[in-house]
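Next come the chains, spelled out residue by residue.
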Amino acid sequence: MALIVLALYGPGVLAFRALRLDESLALTCAPLASIFGYSIVSLTYGTLDVPCSWATVFLPLVAVYGIVFLISRLAVGHQRESSSKLSWLIPGAYLAVGLAVCGYVFIKSLDGPLSYYCRFDNQTHYALARHFIDTQNWSTLDTWSGALSETSRTGYYPAAWHATVALACSLTGFDPALVFNALNATLSGIVFPTSSYALMRVLFPNRKSVLVAGAVTTMAFACLPWVLLLKGQLLANLISFAITPAAIALIIEYVEDGLARHWPAFAIVAVMSLGDFVFAHPNGLFTTVVFLAPYFIHRAALACTNSKRLSQRNPLRRSWVVWAGGALVAFALWQAMLYAPPLQAVVLYNNTGNLNLTWGESIWAALGLSLYPDQPMQWLAMAFCLIGAVSLVRQKRLWLALPGLWMLVVYAACRCTEASYTLRTFLAGFWYSDPYRILCCAELFLIPVAAAGLVAAARWLTRQLPIAGAHPRTTQLLVLTMFSLGNFFPYYVAPPKPDAAEPEPHFVPTAGTAFGFMHYLMTEGYTEAEEQAYSAEERDFVERARNALPADALVINQPHDGSTFAYGLDGLNTYYRHIDVGSDTPDSQLLRSSLDAIATNAEVQEAARKAGVGYVLQLDQGADPSKIDDPESTDGRTWLLQSDESSWRNFDGINRITDETPGFELVMSKGDMRLYRIL
């Protein structure tokens, strides 16, 4: 994690100091510039066929940013200082709270540094990161798993997370599985909270009390960022959302400080932010737009109200007129983006997998911040959000409460069975109509609202209670402490498992807190003590097989048995690195349907020869595919949620191979696991 921090913060802080940001803001926003630089260098190298490594990517970026920094120092002579001159103790508090919560929710949940999570999306993430490492091509325009069974071998994918894994592996030489966890912990416990500090500092430059409260509220919402490590995993979104607060912060910083004086720096930051969201995940761009839209309308309303050029009778003098006009402009831009051809595949994605609540249940879940199935309510956090919203309205900063409220409404629509496809597409199309991405946006936007609520409550307490004579900071410390004890208390008792044949309910009677619940889910997901789709025993067999095979051996496999992860996690050169077969080659189609007939079928022999397949791996030999769809199956196997009998039978040419099948020689076996050599 320390080396990843060096890679993410080292170059970027030089770039932002060159743009004359003060030390704390330059440091906490540094990953924006670093990720942008790495992505541009990797993209260029991919075009020129130059191998990527830490020496060819990290060192040149440090050199370029360092030279720009020195030129800036020589040209300007001094750096722009922060108007508030805040102590380093405050960003340190954000870092401390972030690491503490990350340590409990995520790191402590791992069985070890090499723990892994067997979920559908990780086929892509693990394999792409490993392929970057193997090929030394980290370009976001050349992203595939390297599987010879696939027809498509190039294409765009937001791969900043995967490229960062490759950089860290090149820098350290560590096992990719360890780096996956280290990077996720760094993004969750360091990058996200320090990025949030940058946003809070810009939003509340003259209110240190709210800034301090933000150190607690940044990590106070149970789903952010942990749901991104549970659902999917959504690792591209993880890195994108981790830097989103910093991107918003820098834009607001330059606007507040005067665009006329800082427009070149503003333009550079805007380009960097846009590029980062292209390289990390475009969802971050739309999230940023949702937050900034009410901010710019608010700024326009203030400018019109205080303008000396507008007559007193001009309607623009009235704030509500500017807000109405701004809302119409925002609606028009929203519609234009919805119909933009490059976004159609995302916007029109019909995500129905999480539609299981009525309108009433959706609204209730949003009000109680019970945004993940079975999650205990966070009434305490929501109470302070409501207090904060009232406080912001009284301060004439209603705009700051609007983004969080809007995203909670969008979340409700994404979870509601009664919400039409058109409504969900309009509200949430930019996030695949996925409630799990939406809830992260909502909780991100509620961070400053909850912080304002904590401070407002502390001030009321100071005025009303007998301890009114105490220093206001003492009261605020008391409120923050009590809130933290109630909100972060690490306790959860899992309820009895429901009947598998019944629909999974959202609201389940539980004893515990939302953070205890998230720790429980992480522990269940990463455990190696229970059977997983790719179990610890299977992983050990794959490791022994890899060590026994020639270095360039190509192994054909049945990906549904867990071996879809064998390449990404353990480096086994597998033919199938994804369970989907919608875009495989004709040779692949022949091999997966008829490989068992290789001794007598000339076409199969030719297909195997062309592919270079020399070995066969089975991790669940003899599995009954009808058990995959049976929720009461007791055969001891665990499958990916997307596996079923039909998809298993797509590989019957591999499934039918046994020790007696002609054309195959047994190399290694243990239990139901086999490694054969093709004769």
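Notes on the structure follow. (Residues numbered from 1 in each chain as written. Predicted model: local features only at pLDDT ≥ 70, side-chain atom pairs only at ≥ 80, totals over all residues. Heavy atoms only, no water.)

The next thing to look at is the nonpolar core. Within the largest apolar cluster, 190 residues are counted, with the highest numbers of intra-cluster contacts made by F16, W226 and M518. In terms of residue count, the dominant contributor to this core is helix α19 (residues 435-464) (19 residues). The residues touching M518, leaving out its near neighbours within four places in the chain, are V105, A222, C223, W226, L230, Y372 and Q375. Counting residues in hydrophobic clusters, the runner-up holds 20 residues, among them L595, A607, V613 and I654. (Core = buried A, V, L, I, M, F, W, Y, C linked by side-chain atoms within 4.5 Å. Buried < 20%, exposed > 50% of the residue type's maximum accessible area, 1.4 Å probe, protein only. Helix = DSSP H or I, 4+ residues; strand = E, 2+ residues; numbered from the N terminus. Contact = heavy atoms within 4.5 Å.)

Put simply, helix α5 (residues 89-105) and helix α9 (residues 208-217) touch, their axes get as near as 8 Å, and they point 20° apart. What the angle tells us is that α5 and α9 run roughly parallel. Touching I90, A93, Y94 and V97 of α5 are K208, L211, V212, G214 and A215, all from α9. Residue composition of the contact of α5 with α9, by class: 7 nonpolar, 1 polar and 1 charged. (Axes fitted to C-alpha atoms, helices over the stretch in contact; angles between N-to-C directions. Parallel < 35°, antiparallel > 145°, perpendicular 65-115°, else oblique. Nonpolar A, V, L, I, M, F, W, Y, C, P; charged D, E, K, R; others polar.)

We now examine the pairing of strand β6 (residues 673-678). With 5 of 6 residues buried, β6 lies mostly within the body of the structure. Relative to β6, strand β4 (residues 613-618) runs antiparallel, the two sharing 4 bridges. Of the residues in β6, the one forming a bridge with V616 is Y676. In the sheet, strand β5 (residues 664-670) pairs with β6 via 6 bridges, with the strands oriented antiparallel. What sits directly across from K670, in β6, is M673. Adjacent in sequence and paired antiparallel, β5 and β6 are bridged by 2 residues, among which G671 carries a positive phi angle near 60°. (Pairing = 2+ DSSP bridges.)

This next bit is on empty space enclosed by the protein. Over the atoms, a rolled probe matching the size of one water molecule traces out where space is still vacant. Within this structure, the stated rule accounts for 3 cavities of 30 Å³ or more. In this structure, the largest cavity spans a volume of roughly 80 Å³. For the largest cavity, the full set of lining residues is I35, Y38, S39, S42, V57, W138, A160, A163, T164 and L167. Going through the elements one at a time, α3 (30-48) and α7 (160-172) are the ones with two or more residues in the lining of the largest cavity. Across the lining of the largest cavity, the residue classes break down as 7 nonpolar, 3 polar and no charged. Of the volumes computed, that of the second largest cavity is approximately 50 Å³. Surrounding the second largest cavity, S39, S42, W138, T140, A159, A160, A163 and F279 form its lining. The class makeup of the residues in the lining of the second largest cavity is 5 nonpolar, 3 polar and no charged. (1 Å grid on protein atoms, 1.4 Å probe; cavity = no way out; pocket = protein on both sides within 12 Å on 5 of 7 lines; lining within 4 Å. Points joined across faces, edges and corners; volume = space filled by probe spheres on them.)

Now for the layout of surface pockets. Its volume calculated, the second largest pocket comes out at about 910 Å³. Every residue lining the second largest pocket is counted, 31 residues in all, and those nearest its centre are V289, V290, A293, P294 and A330. Where the lining of the second largest pocket is concerned, the elements lending two or more residues are α11 (259-279), α12 (283-305), α13 (319-338) and α17 (402-415). Partitioned by chemical class, the residues of the lining of the second largest pocket number 28 nonpolar, 3 polar and no charged.

As for its position among the elements, T475 is in helix α20 (residues 472-488). For T475, the side chain forms a polar contact with the side chain of T462, separated by 3.1 Å. (Polar contact = N/O pair within 3.5 Å; in protein donor to acceptor, adjacent residues only side chain to side chain.)

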